[in-house]
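Structural features, examined
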Amino acid sequence: MDESPRAASDRDMERVILELLAQRAEAATICPSEAARAVAGQQWRSQMDAARAAARRLVAAGVVDITQRGEVVDPTTARGPIRIRRRPADGGAG
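Presented here is an overview of the structure given in this document.

Cut-off values and rules
Residues numbered from 1 in each chain as written. Predicted model: local features only at pLDDT ≥ 70, side-chain atom pairs only at ≥ 80, totals over all residues. Heavy atoms only, no water. Helix = DSSP H or I, 4+ residues; strand = E, 2+ residues; numbered from the N terminus. Buried < 20%, exposed > 50% of the residue type's maximum accessible area, 1.4 Å probe, protein only. Contact = heavy atoms within 4.5 Å. Areas by Shrake-Rupley, 256 points an atom, 1.4 Å probe, with all protein chains shown as cover. Salt bridge = Lys/Arg side-chain N within 4 Å of Asp/Glu carboxyl O. Pairing = 2+ DSSP bridges. Expected span 1.5 Å × (residues − 1). Axes fitted to C-alpha atoms, helices over the stretch in contact; angles between N-to-C directions.

A look at the overall build of the chain
Along its length, the chain carries three helices and four strands. When the 94 residues of the chain are sorted by exposure, 34% land in the buried category. Restricting the contact set of the chain to residue pairs at least 6 apart, pairs at least 24 apart contribute 45%. As presented, the chain carries roughly 5,800 Å² of accessible surface, and 50% of it is formed by carbon and sulfur atoms.

Topic: the pattern of salt bridges
By the definition in use, this model includes seven salt bridges. In this structure, the salt-bridge partner of R85 is D65, at a minimum N-O distance of 3.7 Å. Taken together, the residues span a long stretch of sequence, with R85 in strand β4 (residues 83-86) and D65 in strand β2 (residues 64-68) at a distance of 20 residues. R85 sits in the buried class, given a relative accessible area of 13%. Relative accessible area serves as the criterion here: at 2%, D65 is assigned to the buried category.

Here's the deal with the pairing of β4
Pairing geometry for strand β1 (residues 29-30) and β4, over two bridges, is antiparallel. The residue bridging T29 from the neighbouring strand is R85, located in β4. Inspection of the sheet shows β2 paired to β4 by four bridges, in the antiparallel sense. Bridging from a neighbouring strand, D65 pairs with R85 of β4.

Concerning helix α3 (residues 48-60)
Between its first and last C-alpha, α3 extends 19 Å over 13 residues, near the 18 Å set by a 1.5 Å rise per residue. Listed as buried for α3 are A50, A51, R52, A53, A54, A55, L58 and V59. Just downstream of α3, G62 is the residue with a positive phi angle, here 80°.

Some remarks on unusual backbone geometry
The phi angle at R69 is positive, at roughly 50°, despite the residue not being glycine. The residue R69 is located in the loop between β2 and β3 (71-72) in this model. The exposure class of R69 is exposed, given its relative accessible area of 83%.

What about the sheet that holds β1?
Here four strands make up an open sheet; going across it, the order is β1-β4-β2-β3 and the pairing antiparallel. Looking at strand neighbours, the two that pair on one side only are β1 and β3, the edges of this open sheet. Docked against the sheet, α3 engages β2 and β4, running at close to 125° with respect to β2.

Spatial relationships are all this shows, so hold off on functional conclusions.
Written out as structure tokens, the structure reads:
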């Protein structure tokens, strides 16, 4: 019971990102706002930072890529609109 509500929320956001991607074609992308909406409904805007942070954690885990204009970008320096996609099965980032 040492689990904080924030930790559960972080995992929920990661799970939702992966579920949304699983519902799409392999190379399809989602916007972080889609995950935020799925988790928080009408209060989704307050969850955008959490959605982007969850995407960064999934990048670090090797599960997804973050893209801008179709190109994989470094999640630590990406600014502005991003998209999230499953990492290709071959492990490549492109």
